[in-house]
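Summary of the model geometry
The primary structure of each chain is shown beneath.
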Amino acid sequence: MIAVMFGPPGSGKGTQASRVATRLGIPHVAAGDMLRNEVARGTDLGREAKPIMDSGGLVPDDLVVRMIDARLNQQDAVKGALLDGFPRTVPQAVTLDRMLTGRGDYVAEVISLEVPDDELLKRILKRADIEGRSDDTSEGFANRLLVYRQDTWPVLDYYRAHGTRIESIDGVGDIDAITERILASLRHNGAVVHS
Ligand code: ADP
């Protein structure tokens, strides 16, 4: 099953996607983590991506698409994947559909994590203290939220228009409870959830 974890920066996408992917027995494919890994390794892609990521902007679609396409072609993703941070623009969503159609697959569900803005900022500033991520500044966050509204939010309209199942999940509260809410919705959609 291919599922997409969708939500604003700081919504807990990464945390939830990692837990949910384990329970589904499919890889967690996190675009942001993969890009940070490229930056850490100093690859060409990493060098190009770093200043863009630090400012809270989006890395060009073609670079991200190539990276995700290569990942989905790896053996462990044959059974499916839980995508996190991808697609982040409508062109990325269109390309993903094309990639999946080529494999006889499709996006089975979009999980939309909903968290109010003031809570997002609180979480990002807390994460900045703990993880020291270079884009977790008030300024970087403000830009990421703006980019999210402008470029990423329309991705939900794209899926809605294509009849893809979208599940809105309340992303505030106990981490375990949120995971269970997501798993319940996936189960409802026919996914097999491991204990
Ligand atoms: P968050 O959701 O907290 O903003 P991510 O780890 O998902 O964090 O992404 C961090 C940064 O990586 C983004 O702000 C962006 O610069 C870059 N990035 C991640 N995914 C994509 C994508 N699909 N397309 C373009 N840029 C991306």
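The sections below set out a description of the structure shown in this document.

The rules behind the values
- Residues numbered from 1 in each chain as written.
- Predicted model: local features only at pLDDT ≥ 70, side-chain atom pairs only at ≥ 80, totals over all residues.
- Heavy atoms only, no water.
- Salt bridge = Lys/Arg side-chain N within 4 Å of Asp/Glu carboxyl O.
- Helix = DSSP H or I, 4+ residues; strand = E, 2+ residues; numbered from the N terminus.
- Buried < 20%, exposed > 50% of the residue type's maximum accessible area, 1.4 Å probe, protein only.
- Core = buried A, V, L, I, M, F, W, Y, C linked by side-chain atoms within 4.5 Å.
- Contact = heavy atoms within 4.5 Å.
- Axes fitted to C-alpha atoms, helices over the stretch in contact; angles between N-to-C directions.
- Parallel < 35°, antiparallel > 145°, perpendicular 65-115°, else oblique.
- Nonpolar A, V, L, I, M, F, W, Y, C, P; charged D, E, K, R; others polar.

1. Focus on the pattern of salt bridges
Tallying each qualifying case throughout the model produces 18 salt bridges. When the shortest N-O distance is used, the salt bridge between Arg 41 and Glu 38 registers 3.8 Å. Here Arg 41 pairs with Glu 38, and both are found in helix H2 (residues 31-41), just three residues apart, close to one helical turn. Here Asp 117 makes a salt bridge to Arg 149, at a shortest N to O gap of 2.6 Å. Of this pair, Asp 117 sits in helix H6 (residues 117-131) while Arg 149 is found in helix H7 (residues 138-161), placing the two residues 32 residues apart along the sequence. Classification of Asp 117 as partly exposed rests on a relative accessible area of 38%. Taken together, the shared-partner salt bridges in this structure form one network comprising Arg 127, Arg 133, Asp 135, Asp 136 and Arg 144.

2. A short note on the nonpolar core
Nonpolar side chains in soluble globular proteins generally cluster together in the buried interior. With 32 residues, the main nonpolar core has Ile 68, Leu 83, Phe 86, Leu 96 and Tyr 159 as its most contacted residues. Listed by contribution, the elements that provide at least two residues to this core are strand S1 (2-6), H2, helix H3 (44-55), helix H4 (61-72), strand S3 (81-84), helix H5 (90-102), strand S4 (107-114) and H7. The leading source of residues in this core is H4, at six residues. The contact partners of Phe 86, leaving out residues within four places of it in the chain, are Val 4, Ala 31, Val 64, Val 65, Ile 68, Gln 92, Leu 96 and Met 99.

3. So, the packing of H2 against H4
It is at 11 Å that the axes of H2 and H4 come closest, and there the two elements cross at 105°. Between H2 and H4, the interaxial angle falls into the category roughly perpendicular. Of the residues in H4, those touching H2 at Ala 31, Met 34 and Leu 35 are Met 67, Ile 68 and Arg 71. In terms of residue class, the contact of H2 with H4 is built from five nonpolar, no polar and one charged.

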